Amino acid sequence: MIKTNLFEPAESHRITETKGIFSVLEYEKDLSVTPEHAAEAYFASKMDVRKRQLIADVNEDTGIIMQAGEMQIMMGDIVASTNIKGAGDLIKKLAGSAVTKETAIKPHYVGEGKVVLEPTFRYILLQDLADWKGTMVIEDGMFLACEDTMDIKVTARSTVSSALLGHEGLFNTALYGEGVVAMESPVPDDELIVVDMVDDVLKIDGNMAIAWSDELKFTVERTTKTLIGSAASGEGLVNVYRGTGRVLIAPVRKNIGISVPEVRP
């Protein structure tokens, strides 16, 4: 038997969210900093910049698939294996990893116990595929881990022009089935804009979508019917999603395009 204080609230850390086999451990204070960096760490925590870790409660029914190199601690009777079925499968996954910025080999952990992933300063989002009707496409480089009850595939854009002009990439990681997926996000869950569509149209100025339903059709179009009108409006091209499904939108991407207020004495 193994006992741990990971799930016990403390001055330095607490569990902020639990979904499926996953829990998010958030460090309220970074107590391991050096004296010269204490002030920086204090003000960073006030702006919600803090360490977070994903914890998976692996059981006989559900295991975990994660990015290679993310495991920090394994507790209990847990066995790890690769998701490679042969030389041909390895070549296919290597090709997929090259275009999605994900690792080709994603270790698979099964058994009874807990798996703790490496800490990150990015935000950890937990999404249940049941809320996405079983299909979900995510932005490149955001996949962290998922329950092994779902399939991970590489999906291609319907047109090359939509990928090149929309700056979303020609290929993306797609998840199918049921279960919970954990993603590393540049923005917190509270700031994400959730859009549910039923036979409708969504237009976004820029590649702000971090996840979307696979059923949606993605294109890049002008904001007006003519090139002159688009140029005059100052908007140019927009990413367009059509159909029925869900889209998660980040309000900003690394604060690009956000003006800094002028500071006056």
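Before going into details, it helps to say that this report is about the structure given with it.

**Side note on the side chain of Q53**
Phase 1: Within the fold, Q53 resides in strand β3 (residues 52-58).
Phase 2: Residue Q53 is classed as buried on the basis of its relative accessible area of 3%.
Phase 3: Within the local environment of Q53, its side chain forms a polar contact with the backbone oxygen of L117, the two atoms lying 2.8 Å apart.
Phase 4: Every residue in contact with Q53, bar those within four places of it in the chain, is listed here: S23, V24, L25, Y27, Q72, V116, L117, E118, P119 and I124.

**Looking at the packing of aromatic side chains**
Phase 1: Counted by the stated rule, this structure contains 3 aromatic pairs.
Phase 2: Ring plane angle 50° and centroid distance 6.1 Å describe the contact between W212 and Y241, whose orientation is recorded as tilted. Taken together, the positions of W212 in strand β14 (residues 209-212) and Y241 in strand β16 (residues 237-249) put the pair 29 residues apart, joining distant regions of the chain. Exposure class is identical for W212 and Y241. Each is buried.
Phase 3: Of the aromatic side chains, those joined through ring pairs into one cluster are W212, F218 and Y241.
Phase 4: Lying across the ring of Y27, K51 places its NZ or CZ 5.1 Å from the centre.
Phase 5: When the ring centre of W132 is taken as reference, the NZ or CZ atom of R246 above it lies at 5.8 Å.

**Focus: unusual backbone geometry**
Excluding glycine, residues mostly carry a negative phi; peptide bonds, for their part, are mostly trans.
Phase 1: For D48, which is not glycine, the phi dihedral falls at a positive 65°.
Phase 2: Its relative accessible area of 26% is what places D48 among the partly exposed residues.
Phase 3: Here D199, not a glycine, exhibits a phi torsion of approximately 50°, which is positive.
Phase 4: Among the secondary structure elements, D199 is positioned in strand β13 (residues 193-204).

**Brief notes about a nonpolar patch on the surface**
Phase 1: A grouping of M47, V49 and F121 is seen on the molecular surface, where their side chains present a nonpolar patch of about 330 Å² in accessible area.
Phase 2: Topologically, M47 is positioned in the loop between α1 (38-46) and β3.

**Re the layout of surface pockets**
Phase 1: In this structure, the second largest pocket occupies an estimated 340 Å³ of space.
Phase 2: Lining the second largest pocket are 17 residues, with T16, E17, I124, L125 and D189 positioned closest to its centre.
Phase 3: Secondary structure elements with two or more residues in the lining of the second largest pocket: β1 (13-19), β2 (22-27) and β7 (123-128).
Phase 4: With 5 residues, the top contributor of residues to the lining of the second largest pocket is β7.
Phase 5: Within the lining of the second largest pocket, the residues separate by chemical class into 6 nonpolar, 2 polar and 9 charged.

Basis of the calculations
Residues numbered from 1 in each chain as written. Predicted model: local features only at pLDDT ≥ 70, side-chain atom pairs only at ≥ 80, totals over all residues. Heavy atoms only, no water. Helix = DSSP H or I, 4+ residues; strand = E, 2+ residues; numbered from the N terminus. Buried < 20%, exposed > 50% of the residue type's maximum accessible area, 1.4 Å probe, protein only. Polar contact = N/O pair within 3.5 Å; in protein donor to acceptor, adjacent residues only side chain to side chain. Contact = heavy atoms within 4.5 Å. Phe/Tyr/Trp six-rings, centres within 6.5 Å; stacked < 30°, edge-to-face > 60°. Lys NZ or Arg CZ within 6 Å of the ring centre and 35° of its normal. Patch = residues over 30% accessible without salt bridge, like charges linked within 9 Å, V, L, I, M, F, W, Y side chains within 5 Å. Areas by Shrake-Rupley, 256 points an atom, 1.4 Å probe, with all protein chains shown as cover. Salt bridge = Lys/Arg side-chain N within 4 Å of Asp/Glu carboxyl O. 1 Å grid on protein atoms, 1.4 Å probe; cavity = no way out; pocket = protein on both sides within 12 Å on 5 of 7 lines; lining within 4 Å. Points joined across faces, edges and corners; volume = space filled by probe spheres on them. Nonpolar A, V, L, I, M, F, W, Y, C, P; charged D, E, K, R; others polar.

Taken by themselves, the reported measurements are silent on function.
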